[in-house]
Amino acid sequence: MRGELLAGPDNRSLLLIAPPGELGRWRDLISQLDRQEAVRTESYPLSGLAGDAVSESLLRRFDPENHPRLRVLADDLTGSLIVTGTAEQHARVQGLLSLMATAPEAVRRPTRTFRLKNRDAEEVVAVVQSLIASGVVATPSVDGSSSAAVTGGATKPAGSRPEPRELQLTADPATNSIIAIGEVAELERLERLLKDLDVRRPQVLLEVLIVSLSESDSLDLGVEIDALLNGPNDTVAKLSSLFGLSSTGAGASGIEGNRGAGLTGIVLNPGDFSVVLRALQSLNEGRSLSIPKVLVASNEQASLNSVLEQPYTTLNASDTVATTSFGGSSDAGTEVSVRPQIAEGDHLRLEYQISLSAFVGAASDPSVPPPRQQNSIDSVATIPDGYTIAVGGIELTTEGYAETGIPLLSDIPLLGEAFKNRSRSGSRSRFYVFIRSTILRDRDFEDLKYLSDLRSTEMEIDDGWPEPQPRVIR
């Protein structure tokens, strides 16, 4: 074949210089050579390598103009690399994967530091380690028989690494960061997992309203009679109908003026008889309101206690000496323990323990604590956001009636009222617990600042911010 073939300036065309009779033979030869090479798709196991990083590294080593038909795709689901290309391209890919597999351990297992912004590093490390133990984060072992299916019968590249080592995690409390050493693929999965774990949890402002109401009504009505009777032969007899309404003296009548409360009437006829009438009604109403407030993060425990300690003593007596020492103390007050958990739809699952106690009298002896009444509620409830909800209560009603009188005489209609003493009492106590929750979700804490400003203004507390003053600019 006579003629000369030269490459065109664009490197994609040919310049032929030949006799006209040789032109057909040259065209046939060029058409036989200028054919697309067959391509096939094969899958290569990554063996712990990061799929995205490997695919990017391979594509950088192939010129897109000279290899337009090359396709590289990382499949994280199967842990393999899917490559579509010619036989020459597949040979180069196998060589590059073998080179990556035999890289030093410092290159294959780099060290990365993840800085956490919202969660505690030690807490997150505990969660990730539990996932590693269950096989969620760690890269599964890949052997020759477990390779992904290969189109065209590709085999595992030579020089593949053994089973990957476990991901190593260390928490740094000083910087609240996680230091991880592991395969690149494991580190990428860990980074995606930390984005889901390291989120700022909303806070909840809980206001617990504890209301204690008490009502009592008592009525005392009684008559006392004291009389002297003179019998024959200078005999003197004394008859009395006493119920403790008056005090007994040494006077002729035997009854002194009554010092008790209420309506009291005394009829005295010294030497003959005395009559005391007493009527007393007592009405008592009491109201106690306690409103503790606490700010707590979602799914965290918060406690608020306001108690009064009442000490008491003990007496240690021996044959020679008796000593008095501190025996302990009894507490009374308000105790609140809550754990809110924010659910979807802006409602809360709330675990709460609320107790309200108070001393109801003096101690009968210095060595024993004073009597105490305690009301408590312990439960788990679901409450809406922004509403004041009654979560529990105790109501106690007590009624009493007592009557004392002189036998037979007190049974006489109308007249018997002068020979009896009656008392009627009734009491009602109520204890209710209300809880109001406010979920604070603003990223810049504007809602918390607003609520704090309200309380600061109410308590006349300086917030520390300077007050702007107008100035004239000339």
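Below: a short report on this structure. The shown structure was predicted, so the numbers you read here are calculated from the model rather than taken from an experiment.

About the criteria used
Residue numbers run consecutively from 1 along every chain, following the written order of its sequence. Reporting in this predicted model follows two pLDDT cut-offs: at least 70 for local features of residues, and 80 or more for side-chain atom pairs to be given and counted; totals over whole chains, interfaces and linings ignore these cut-offs and use all residues. Neither water nor hydrogens contribute to the side-chain values; these are computed over all heavy atoms in the structure. Secondary structure elements are taken from DSSP: a helix is a run of H or I of four residues or more, a strand is a run of E of two residues or more, and numbering for both begins at the N terminus. Exposure is judged per residue with a 1.4 Å probe applied to protein chains only, and the accessible area is read against the type maximum: over 50% gives exposed, under 20% gives buried, and values in between give partly exposed. Two residues qualify as a contact provided that any one of their heavy atoms is within 4.5 Å of a heavy atom in the partner residue. Here the accessible surface of atoms and residues is derived via Shrake-Rupley with a 1.4 Å probe, and residues count as covered only by protein chains that are part of the display. By definition, a salt bridge exists where a carboxyl oxygen of Asp or Glu is found within 4 Å of a side-chain nitrogen of Lys or Arg. When DSSP finds two or more bridges between two strands, those strands count as paired. Orientation is described by lines fitted to C-alpha atoms, with helices fitted over the stretch in contact, and by angles between N-to-C directions that extend from 0 to 180 degrees. Our arc is simply the arc of the directions from the helix axis toward the C-beta atoms. Under this scheme an angle from 65 to 115 degrees is roughly perpendicular, one under 35 degrees roughly parallel, and one over 145 degrees roughly antiparallel; angles in between are oblique. Put simply, a crossing is left-handed when the front helix is turned counterclockwise from the back one by less than a right angle, and right-handed when it is turned clockwise. Under the grouping applied here, Gly and all other residues not named as nonpolar or charged are polar, the nonpolar ones being Ala, Val, Leu, Ile, Met, Phe, Trp, Tyr, Cys and Pro and the charged ones Asp, Glu, Lys and Arg. By nonpolar core we mean a set of buried residues, namely Ala, Val, Leu, Ile, Met, Phe, Trp, Tyr and Cys, connected to one another through side-chain atoms within 4.5 Å. Cavities and pockets are found on a 1 Å grid laid over the protein atoms alone: a cavity is a set of points where a 1.4 Å probe fits but cannot escape, a pocket is an open set with protein on both sides within 12 Å along at least five of seven lines, and a lining residue has an atom within 4 Å of such a point. Grid points are joined across faces, edges and corners, and a volume is the space filled by probe spheres set on the points. Each aromatic pair joins two rings of Phe, Tyr and Trp (for Trp, the six-membered one) with centres within 6.5 Å, and gets the label stacked for planes under 30 degrees apart, edge-to-face for over 60, and tilted for any other angle. A ring is scored as having a charge over it whenever the NZ atom of a lysine or the CZ atom of an arginine sits within 6 Å of its centre and within 35 degrees of its normal.

**Concerning the overall build of the chain**
Okay, so step 1: Helix and strand counts for the chain come out as seven helices and 19 strands.
Okay, so step 2: Evaluated residue by residue, the chain yields a buried proportion of 28% over its 474 residues.
Okay, so step 3: Partitioning the contacts of the chain with sequence separation of at least 6, the portion at a separation of at least 24 is 64%.
Okay, so step 4: Accessible surface, the chain as shown: approximately 30200 Å² in total, 52% of it carbon and sulfur.

**Regarding unusual backbone geometry**
The general pattern is negative phi for most residues beyond glycine and trans for most peptide bonds.
Okay, so step 1: Phi is positive for N176, which is not a glycine, with a value near 50°.
Okay, so step 2: Along the polypeptide, N176 turns up in the loop between strand 7 (168-172) and strand 8 (177-181).
Okay, so step 3: Not every positive phi belongs to a glycine, and F445 is a case in point at roughly 60°.
Okay, so step 4: Examined against the element boundaries, F445 turns out to sit in the loop between strand 19 (420-440) and helix 7 (446-458).
Okay, so step 5: By relative accessible area, which is 34% here, F445 ends up partly exposed.

**Remarks on the pattern of salt bridges**
Okay, so step 1: Tallied over the full model, the rule gives 13 salt bridges.
Okay, so step 2: The shortest N-O distance in the salt bridge between R112 and E191 comes to 3.3 Å. On the criterion of sequence distance, the pair formed by R112 in strand 6 (residues 111-115) and E191 in helix 6 (residues 184-197) is long-range, its members being 79 residues apart.
Okay, so step 3: For R112, a relative accessible area of 29% gives the class partly exposed.

**Points about the environment of S379**
Okay, so step 1: The residue S379 is located in strand 17 (residues 372-384) in this model.
Okay, so step 2: Sequence separation between S379 and Q353 is 26 residues, and the spatial gap between their C-alpha atoms is 6.8 Å.
Okay, so step 3: With residues up to four places along the chain from it excluded, the contact list for S379 reads L350, E351 and Y352.

**Structural notes on the sheet that holds strand 8**
Okay, so step 1: If you walk across this open sheet you meet the three strands as 6-8-7, and the pairing is antiparallel. Looking at which strands have only one partner, the edges of the open sheet turn out to be strand 6 and strand 7. Strand-to-strand, the axes of this sheet are offset by a mean angle of 20°, without reference to chain direction.
Okay, so step 2: The sheet contact formed by strand 6 and strand 8 spans five bridges and is antiparallel. What sits directly across from F114, in strand 8, is I178.
Okay, so step 3: Against the sheet, helix 6 touches strand 6, strand 7 and strand 8, its axis set at about 5° to strand 6.

**Remarks on helix 2 (residues 51-60)**
Okay, so step 1: Listed in full, the buried residues belonging to helix 2 are G51, V54, S55, S57 and L58. Mapping the buried residues of helix 2 onto a view down its axis gives an arc of 165°, with all of them on the same face.
Okay, so step 2: Residues of helix 2 that are buried sit in contact with strand 4 (71-75), strand 5 (80-85) and helix 3 (87-101).

**Looking at the packing of helix 2 against helix 3**
Okay, so step 1: Look at helix 2 against helix 3: their axes get within 11 Å of each other, and the N-to-C directions meet at 130°. Considering their axes alone, helix 2 and helix 3 lie oblique with respect to each other. Remark: the crossing between helix 2 and helix 3 carries right-handed chirality. Contacts between helix 2 and helix 3 involve V54, S57 and L58 on the former and, on the latter, V93, L96, L97 and M100.
Okay, so step 2: Broken down by class, the residue content of the contact of helix 2 with helix 3 amounts to six nonpolar, one polar and no charged.

**A look at the nonpolar core**
Side chains of nonpolar character tend, in soluble globular proteins, to be buried together.
Okay, so step 1: Counting 22 residues, the largest nonpolar core has L206, V338, Y352, I354, V433 and I435 as its most contacted members.
Okay, so step 2: Contributing elements (two or more residues each) for this core: strand 9 (203-231), strand 13 (293-297), strand 15 (322-343), strand 16 (347-359), strand 17 and strand 19.
Okay, so step 3: The element contributing the most residues to this core is strand 16, with five residues.
Okay, so step 4: In terms of nonpolar packing, the next biggest core, distinct from the first, is built from 15 residues, Y44, L70, V72 and V83 among them.

**Description of the layout of surface pockets**
Okay, so step 1: There is about 740 Å³ of room inside the largest pocket.
Okay, so step 2: Taken together, 20 residues line the largest pocket, and the ones lying closest to its centre are R12, D34, R35, Q36 and N66.

**Considering the packing of helix 5 (residues 121-133) against helix 6**
Okay, so step 1: It is at 12 Å that the axes of helix 5 and helix 6 come closest, and there the two elements cross at 130°. Taken together, the axis directions place helix 5 and helix 6 in an arrangement best described as oblique. The two elements helix 5 and helix 6 cross, and the hand of that crossing is right-handed. Only L190, L193, L194 and L197 of helix 6 make contact with helix 5, whose side of the interface consists of V124, V127, V128 and L131.
Okay, so step 2: Along the lines of polarity and charge, the residues of the contact of helix 5 with helix 6 split into eight nonpolar, no polar and no charged.

**A closer look at the packing of aromatic side chains**
Okay, so step 1: Summed over the entire model, instances satisfying the criterion amount to one aromatic pair.
Okay, so step 2: Their ring planes at 45° and their centres at 6.5 Å tell us that Y432 and F434 sit as a pair that is tilted.
Okay, so step 3: Y432 gets classed as partly exposed once you look at its relative accessible area, which sits at 28%.
Okay, so step 4: On the accessibility criterion, F434 (25% relative accessible area) is partly exposed.
Okay, so step 5: Its end group placed over the ring of F62, R92 keeps NZ or CZ at 4.2 Å from the ring centre.
Okay, so step 6: The lysine or arginine in question, R200, covers the ring of F445, its NZ or CZ lying 4.7 Å from the ring centre.

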